[in-house]
Each structure stands twice: as C-alpha cells, then as structure tokens.
Amino acid sequence: MKKTTTLLFAWILISTLGYGQSDSYQILKDNFTGRPDVHSFSVNGFFCRMILGMTDEWEFKEAIKDVQHVRIMTIPTEQFEARGLSVNGFKRLLKKDSFEELASVRDNGDHITFYLQANGNKNRYMIVVQEPDEVVVIEMKGYIDANLLLAPDKTLSFQNRKG
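Cut-offs and rules
- Residues numbered from 1 in each chain as written.
- Predicted model: local features only at pLDDT ≥ 70, side-chain atom pairs only at ≥ 80, totals over all residues.
- Heavy atoms only, no water.
- Patch = residues over 30% accessible without salt bridge, like charges linked within 9 Å, V, L, I, M, F, W, Y side chains within 5 Å.
- Areas by Shrake-Rupley, 256 points an atom, 1.4 Å probe, with all protein chains shown as cover.
- Salt bridge = Lys/Arg side-chain N within 4 Å of Asp/Glu carboxyl O.
- Lys, Arg positive; Asp, Glu negative; His and termini not counted.
- Charge placed at Lys NZ, Arg CZ, Asp CG, Glu CD.
- Helix = DSSP H or I, 4+ residues; strand = E, 2+ residues; numbered from the N terminus.
- Buried < 20%, exposed > 50% of the residue type's maximum accessible area, 1.4 Å probe, protein only.
- Arc of directions from axis to C-beta.

Draft legend 1. Molecular detail of a negative patch on the surface. A cluster of acidic side chains, namely Asp37, Glu78, Glu81 and Asp133, defines a negative patch on the protein surface. Counting through the fold element by element, Asp133 comes out in the loop between strand S5 (123–130) and strand S6 (134–143). Owing to a relative accessible area of 64%, Asp133 belongs among the exposed residues under this scheme.

Draft legend 2. Spotlight on helix H2 (residues 23–32). All buried positions along H2 are accounted for by Ser24, Tyr25, Leu28 and Phe32. The buried residues of H2 occupy one face: seen down the axis, they fall within an arc of 100°. Exposed side chains of H2 directed beyond 90 degrees from the buried face belong to Asp23 and Asp30. A positive backbone phi angle near 90° is found at Gly34, which sits one or two residues after H2.

Draft legend 3. Summary view of the pattern of salt bridges. Scanning the entire structure with this criterion turns up 3 salt bridges. For Arg124, the salt bridge goes to Glu139, with nearest N and O atoms at 4.0 Å. Here the residue Arg124 occupies a position in strand S5, and Glu139 occupies one in strand S6, the gap between them amounting to 15 residues. Assessed through its relative accessible area of 0%, Glu139 is described here as buried. A single salt-bridge network, built from bridges that share partners, covers Arg71, Arg124 and Glu139.

The structure is reproduced here in structure tokens:
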C-alpha cells in the first residue's frame, strides 16, 4: 500500500510540474485571484484547436497544433492600483523569469506586448494586453509556428484546402 501511495504521489507531482504555469504567471495569479472582477481560466491545447476549427480559422489551428495549454486572466486596472502593483512591475518580473520581449504594439489606445520563454518545443509565450480599463494576460505553453501565422501564401493554401 505504501509503495502504491508513493507511486501515485510521484505521478501527480510529475504531471503537475509538466502543466504548471510560469513563476511570473503564478505570482500574478496569487496576487489577484478572488479580487472583484478578476477572471481567470485555463484550457488545454486540444480545446483551443477545436474552437479554432469551429470558427474556420484553419491557419491558426495549424500554427498552434503543438500548444499544450492556455491560461487567461483579466484584471481591472484599478485592482493593480488597489494592491500597490503595476503592469510595468509585472513586465520586469517576466524578464527576471527569463521571458524575452518579442514585440510591442500600440493599437487604438491598447498596448500589446509579446514575450517568449524559450525551451525547445516546451516554450512559454506570454501576451500582455493593456487596455484603458483592464489588463489581459495570456500564457501559452508549447510551440507556435510563427511561419504559418506570418506567411500569406500559407493562409491561401489552407482556405483552398477547405473549399
């Protein structure tokens, strides 16, 4: 019985380590879970691909075929202020957690920043969307094929394959 319990515990520990979020996302979650209007959810990669398949976004479905997990958290800007924290402080934390900033875009008052924590095919991607009233943080674990997202001729071939 003791051996079975030990093996079960070891299996649970190993499986949780494989699916755990980054340290920076965990710190964000610890600071904001249970706060008013803070929402957080997590889905596996299969579910994301299934949703993209239903929306006919085949080029994205193919690009994220190796994504294993997606976590999303929305936090009202006022909650950062109430906790004495800042989005820029979270971005500094990402850099300490070995995330590299890939791109930063401003669009109609929103500021979107893309980060990568490279580790072969077990990459972590973090997207921070700063809107005037809320911050959305998206963490993806796995591999995203950027070539499929960026190549316009690939998009056409996926559309032609459907029809």
